[in-house]
Amino acid sequence: MKLKLVFCFFSILLGVFAWTQETKFSYQDNIEKLLIAKNSQTIIDFVNVKLKHSKNEKEINLLLCYKMEALMHFELYNDAILLSDKIVNSANNFPEVLLQTFILRELNFEILENFKEASKELDKAEKLLAAHAKLKPKFYIHFLIRKSSLMRLLHKKNYQNLSLQAISYSDSTTYKNHLSSAYLLMGIYYRDNDFIKSLSYY
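Given the structure is predicted, the values throughout are model-derived calculations rather than measurements.

J.: Which residues make up the overall build of the chain, and what values go with them?
T.: The helix and strand tally for the chain stands at 11 helices and zero strands. Moving toward the C terminus, one meets the helices and strands of the chain in the order α-α-α-α-α-α-α-α-α-α-α. The buried share of the chain, taken over its 202 residues, is 51%. For the chain, contacts bridging at least 24 residues in sequence account for 62% of all contacts bridging at least 6.

Set out below in structure tokens:
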């Protein structure tokens, strides 16, 4: 049951991601639309072709992140982790790529119920956010939601405060891709204690 509930979060939380990079590759908008539609095989085929020709290290790691997310859509979580290892080992000069990778890895481990490793990925993401303030507008909401979700699964108190923090932070950023998940977590928090209030978050 727990695994199914986490997977529900996965479908909502694992949305399209945007990158804080100076150069936006021409195909990114189309890839992101395909991610939303979960047209994962098309993404994997496209990435495999591009990887054969690209010499741009940043582009290569970005493409691998797209592929990692597509693999997660197929529930190939172990394959996604193996692929993400390549990114972690080669993307040190690209903090935004690393940050997104850590967040995806946390979700992957959470789905697999490996909460110890999931927590480690959140710690890495938190350090990157602290070191690179420019990444906060795009990634902070997602980070807070992942941390809130993990705390809930670990039966830690006050996990809802992180979701409330994400909702509050949304007023100061235009990147709200994952905000609905914060409301979902709040609805779950109040579900057993205040059903009417719980409904207001769904």
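J.: Could you give an account of the environment of Asn114, with specific residues and numbers?
T.: By the secondary structure assignment, Asn114 is in the loop between helix H6 (95-111) and helix H7 (115-131). From its side chain, Asn114 meets the backbone nitrogen of Glu117 in a polar contact 3.3 Å long.

J.: How would you explain unusual backbone geometry if you had to name every residue and give the values?
T.: The phi dihedral of Glu75 is positive, around 65°, even though this residue is not glycine. Note that Glu75 resides in the loop between helix H4 (57-73) and helix H5 (77-90). By relative accessible area, which is 48% here, Glu75 ends up partly exposed. The residue His155 is not glycine, and still its phi comes out positive at about 60°. Relative to the helices and strands, His155 is located in the loop between helix H8 (136-153) and helix H9 (159-169).

J.: Explain H5 to me, and be specific about the residues and the numbers.
T.: Look at H5: 20 Å from first C-alpha to last across 14 residues, which is about the 20 Å you get at 1.5 Å a residue. Turning to H5, its buried residues number three or more, namely Tyr77, Ala80, Ile81, Leu83, Ser84 and Ile87. Each buried residue of H5 sits inside an arc of 170° when the element is viewed along its axis, so together they form one side. For H5, the exposed residues set more than 90 degrees away from the buried face come down to Asn78, Leu82, Lys86 and Asn89.

Definitions and cut-offs
- Residues numbered from 1 in each chain as written.
- Predicted model: local features only at pLDDT ≥ 70, side-chain atom pairs only at ≥ 80, totals over all residues.
- Heavy atoms only, no water.
- Helix = DSSP H or I, 4+ residues; strand = E, 2+ residues; numbered from the N terminus.
- Buried < 20%, exposed > 50% of the residue type's maximum accessible area, 1.4 Å probe, protein only.
- Contact = heavy atoms within 4.5 Å.
- Polar contact = N/O pair within 3.5 Å; in protein donor to acceptor, adjacent residues only side chain to side chain.
- Expected span 1.5 Å × (residues − 1).
- Arc of directions from axis to C-beta.

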